Amino acid sequence: MREVGIVGVGMTKFGVLGRVTSRELATTAAREAMEMANIKREDVDAIYNGILSPDIFEHQMHSAPGIPDYLGLNNIPSTRVEAACASGGLAVMQGIISVASGLYDTVVATGSEKMTNLPTSHVTEALAMCADDVYEVSLGITFPGAFAMVARAHERKYGTNAEMRAAVAVKNHKHGLHNPLAQFQKEITIEKAMNSLMIADPLTLYDCSPITDGAAAVVIVPWEKAKKMDGPKMKVSSFAQASDTMSLHDRPDITGFKTTQVAARKAFERANLKVTDIDFVEVHDCFTIAELVALEDIGFFEKGKAGSATLAGDTTRGGYIPVNISGGLKSKGHPIGATGVSQVVEVFKQLNGMAGQRQLKDVNYGMTQNLGGSGSTIVCHIFERGD
Amino acid sequence: MIIMTRKLVAENWRLEKARYALVGNFCKKCLGYHFPKKQLCLRCKTSEHLEEYKFKHEGKLLEWTKIYDPAKGFDFAGPYYYCIVELEEGIKITTQLKYVTDEGRLKYGMKVKLVFRRLFSHGNEGLNTYGFKAVPVY
């Protein structure tokens with residue numbers, strides 16, 4: 001396999017975006033990424049689009065050809081990638097693999113979702129379809145419900161309490177203040193988070209990521225080619241993917257996700273790096289407890305220690321490991337298919353000094369962790385500075 | 001409910017044994033249980049020693065939550081308890097937890113029994129879908 005780099009990124013505003021389709025959002029993000037990369041339109045060999053369900057949200061199947069169609073790139077391969085909330089991360093990974101293999105020289109990986117057409121209870125139903133339909137969904141599971149049970153199990157075993165979970169929400173909202181593309185630029189307090197509406201006991205409204213429209217895109221090229229380009233760039237150090245049982249109840253332990261442990265370990269091995277080499281990380285905080293569990297599963301903290309570390313400020317800017325500087329899913333928003341791609345966009349901006357007010361100092365390695373279902377799919381990436 | 005397939009007789013019919021009778025399988029070689037029914041024993045990697053097995057309706061409560069914000073289709077009965085149960089044979093299932101009169105008395109590992117109840121309906125003209133729910137045994 002050849003080495004691969006990313007040479008341009010694009011991202012729409014995340015939020016409730018009104019009269020626009022996921023196809024238009026993906027097109028906007030892809031155009032921005034191609035412009036930053038300064039590549040010729042005809043150089044694009046293929047497109048991957050991470051998206052959960054244009055079928056349910058927009059009554060559109062076979063969505064992938066729609067993007068090259070709007071970009072004026074008809075006849076190139078365009079592929080839809082679906083892995084629940086990890087669709088975006090997996091679309092980037094498929095793009096990287098296809099360039100690494102030597103098959104393509106320039107690939108645009110996009111992620112998009114238009115969720116706000118439907119009322120909340122319908123969105124909850126649609127998202128629940130990412131769980132096991134027969135043995136979870138038809139019994140009444142929701143994703144807040146599944147992660148509520150993870151939170152309870154974690155609290156019983158390690159004492160991770162409501163205040164620690166709220167600290168994740170407060171921290172990510174604080175980070176999101178400096179991200180103009182985030183859905184929310186609003187600080188919250190621990191008290192407000194803990195006393196908000198109960199969604200699935202013990203998770204409250206502020207433990208949950210919002211329903212969001214948006215898109216993000218990256219341009220992937222061989223590293224040999226990237227090195228010769230003048231613009232911003234980063235190198236793909238490694239990537240890894242793992243899967244586990246569809247049903248949460250089939251796992252021996254629900255205080256962590258084996259998939260994150262496996263994917264992170266493989267990513268570190270492939271890059272020949274240690275967890276202590278990583279300067280900042282974007283993890284999949286679809287729920288506050290998911291961020292804590294991810295940090296423990298990757299190995300930034302021992303099992304059971306991420307909650308108290310978050311409360312102590314170890315995961316903020318300037319802390320031991322800055323986590324979700326973009327605002328995370330919690331504040332930036334969670335347009336399902338776009339989420340994994342937007343994590344990569346944030347790493348790119350940080351490694352190239354393009355993150356504005358939220359720019360971290362002296363960062364060399366950034367990592368992403370994108371989760372699908374109740375952790376049934378995990379995609380991890382590690383990137384390094386290109387200069 | 002936005003998903004058409006939920007309303008079909010076929011979807012319910014093909015799941016009849018698992019959903020209505022808790023039928024899975026048992027491996028005579030490794031003495032392991034599987035639910036739902038697997039095509040091969042996941043430990044022995046063969047179908048040779050598998051036989052049908054009907055699970056007992058008793059187990060223990062491993063985890064639970066109260067869902068206040070249900071998915072479309074489950075919003076007819078207000079907030080409900082949802083749980084993970086380990087059956088006597090050692091396999092786990094998730095389902096709703098009914099007849100919780102005193103939440104404070106729910107305990108990790110407490111005994112529960114399974115009862116046959118309606119899972120959801122499809123309006124006045126549609127099917128009723130039935131299956132098992134758990135009830136705490138205080």
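So, how was this worked out
Residues numbered from 1 in each chain as written. Chains lettered and ligands numbered in written order. Predicted model: local features only at pLDDT ≥ 70, side-chain atom pairs only at ≥ 80, totals over all residues. Heavy atoms only, no water. Pairing = 2+ DSSP bridges. Helix = DSSP H or I, 4+ residues; strand = E, 2+ residues; numbered from the N terminus. Axes fitted to C-alpha atoms, helices over the stretch in contact; angles between N-to-C directions. Contact = heavy atoms within 4.5 Å. Domains from an automatic or database assignment. Buried area = accessible area lost by both parts, 1.4 Å probe. Salt bridge = Lys/Arg side-chain N within 4 Å of Asp/Glu carboxyl O. Buried < 20%, exposed > 50% of the residue type's maximum accessible area, 1.4 Å probe, protein only.

**Things to note about the sheet that holds strand E9 (residues 280-282) of chain A**
Backbone-to-backbone hydrogen bonds pair the strands of a sheet. The strands run either parallel or antiparallel.
All names here are of chain A.
Part 1 of the argument: Ordered by their spatial adjacency, nine strands build an open sheet running E3-E2-E4-E7-E1-E8-E11-E10-E9, and the pairing between neighbours is mixed. The sheet is open, and its two edges are formed by strand E3 (78-81) and E9, each paired on a single side. Each neighbouring strand pair of the sheet contributes to a mean axis angle of 25°, computed without reference to strand direction.
Part 2 of the argument: In terms of strand pairing, strand E1 (residues 4-11) meets strand E7 (residues 213-222) through seven bridges, oriented antiparallel. Note that in E7 the partner of Met11 across the bridge is Ala216.
Part 3 of the argument: Across the face of the sheet, helix H10 (residues 258-271) comes into contact with strand E8 (234-243), strand E10 (365-372) and strand E11 (377-385) while running at roughly 145° to E8.

**Focus on the domain arrangement of chain A**
Residue and element names in this part refer to chain A.
Part 1 of the argument: Taken domain by domain, chain A holds domain 1 (4-118 + 212-234) and domain 2 (142-208 + 237-382).
Part 2 of the argument: Just the C-alpha atoms count here: the centres of domain 1 and domain 2 sit 23 Å apart.
Part 3 of the argument: Facing the 43 residues of domain 1 at the interface are 34 residues of domain 2.
Part 4 of the argument: Interface area for domain 1 against domain 2, summed over the two sides, is near 2800 Å², with a carbon-plus-sulfur share of 76%.
Part 5 of the argument: Counting across the interface, domain 1 meets domain 2 through zero salt bridges.

**A closer look at the pattern of salt bridges**
Part 1 of the argument: Counting across every chain of the model gives 22 salt bridges over all chains.
Part 2 of the argument: Across the pair A:Asp105 and A:Arg2 runs a salt bridge, and its minimum N-O distance is 2.8 Å. Note that A:Asp105 is positioned in the loop between helix H4 (87-100) and strand E4 (107-114) and A:Arg2 in the segment before E1, a separation of 103 residues in sequence.
Part 3 of the argument: On the accessibility criterion, A:Asp105 (37% relative accessible area) is partly exposed.
Part 4 of the argument: In this structure, B:Lys56 and B:Glu88 form a salt bridge, with 3.6 Å as the shortest nitrogen-oxygen distance. Pair noted here: B:Lys56 is in the loop between strand E3 (50-54) and strand E4 (58-67) and B:Glu88 is in the loop between strand E5 (80-87) and strand E6 (92-97), with a separation of 32 residues, a long-range link.
Part 5 of the argument: One salt-bridge network, held together by shared partners, links A:Glu296, A:Asp297 and A:Lys303.

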